[in-house]
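Notes for the structure review
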Amino acid sequence: MSYADIHCHILPGVDDGARSIEESLDYARRLTAEGVGEVVATPHIGHPVFGTDPMAVPLRVAELQAALAGEGIALDVHAGGELFPHGNCDLPDEALELLAHGPPGARWLLMEVPFAGVDQRFAGEAAILMGRGYGLVIAHPERAEGLLEGGWELLEPLVGAGALLQVNVCSLLGNNGARAKAAGEALVRGGQAFTIASDAHPGTREHTLALGFPLAIRAGASSVQAWRLTQANPRFLLESGIPKGPAAIPFGPPQVPA
Ligand SMILES: [Fe+2]
């Protein structure tokens, strides 16, 4: 089995990720060399600065996939998007469907937390999307300010309702600060994280999901957990979709060693 990365800004020229097709291809070569077999292109959607049009994503992904084939790079790229935390819950169904993954009845979207902290507005908009029939994978909760100081209380009901949490490789590396690193490690160690993804921005932030395996071990996960977080679980999401219904295991808040 190879790594499957569900969060990556590999699509060129649409947001703050890869700036050119050359940067996308260089990064893709590195992915295949490091054992990453598939990746979801997740440009920012609804971001106040980047504002990628969701309707344009499939064509851009097809262009990238054709360029990869032309270079003989064996990387599968799926169309997706990273929903900005506010302002996307009223996107029409046809737009959300272009960004969602999984089979009918188990479709899910990637939605990032507000860096300023999980708030009632985020929780409300997440609940609206879930009410529209989409499961949610919540991107980099460890980057939300104050997650370990009360932010979890607003996130926990969403997790209880079936939302899954995705921790970033760059957070586990310490690139987003000590608090995000501690929170990310706590989510990995405690089992609240369902998957790890790169959230890479080729050309500027080029870490790969392959790093996620040793970083999960360093955070305190077993080798089986690390395999699930970086390979089995993201692939399950892509092939089988998001598990339905409330979380089977009621998680407590992430614990940071004293
Ligand atoms: Fe991202």
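We now examine the environment of I217. Among the secondary structure elements, I217 is positioned in helix 8 (residues 212-219). Counting along the chain gives 159 residues from I217 to P58, while the straight-line C-alpha distance between them is 35 Å. Leaving out residues up to four positions away in the same chain, I217 has contacts with S222, S223 and A226.

Glancing now at the pattern of salt bridges. For the coordinates displayed, the defined rule picks out 12 salt bridges. The closest approach of N and O atoms between R29 and E71, which form a salt bridge, is 2.9 Å. In this pair, R29 is assigned in helix 1 (residues 21-33) and E71 in the loop between helix 2 (57-70) and strand 4 (76-79), connecting sequence segments 42 residues apart. Its relative accessible area of 35% is what places R29 among the partly exposed residues. Among the residues examined, E71 registers a relative accessible area of 45% and is labelled partly exposed. Taking the shortest distance from any N to any O, the salt bridge between K181 and E185 comes out at 3.2 Å. Of this pair, K181 and E185 both sit in helix 7 (residues 178-190), separated by 4 residues, roughly a single helical turn.

Taken together, the protein donors to the iron ion comprise H7 (NE2), H9 (NE2), E82 (OE) and D199 (OD), at separations of 2.1 to 2.2 Å. Coordination at the iron ion is irregular: its 4 donor atoms span angles of 83 to 175° at the metal. Read in sequence order, the donor residues for the iron ion give the motif H-x1-H-x72-E-x116-D. Of this pair, H9 sits in the loop between strand 1 (3-8) and helix 1 while D199 sits in the loop between strand 9 (193-197) and helix 8; the two residues are 190 residues apart in sequence, bridging distant segments of the chain. You can call H9 buried: its relative accessible area is 1%.

The rules we used
Residues numbered from 1 in each chain as written. Predicted model: local features only at pLDDT ≥ 70, side-chain atom pairs only at ≥ 80, totals over all residues. Heavy atoms only, no water. Helix = DSSP H or I, 4+ residues; strand = E, 2+ residues; numbered from the N terminus. Contact = heavy atoms within 4.5 Å. Salt bridge = Lys/Arg side-chain N within 4 Å of Asp/Glu carboxyl O. Buried < 20%, exposed > 50% of the residue type's maximum accessible area, 1.4 Å probe, protein only. Donors = N, O, S within 2.8 Å, 3.2 Å for Na, K, Ca; no water. Tetrahedral: all angles 85-135°; square planar, octahedral: opposite > 155°, others 65-115°.

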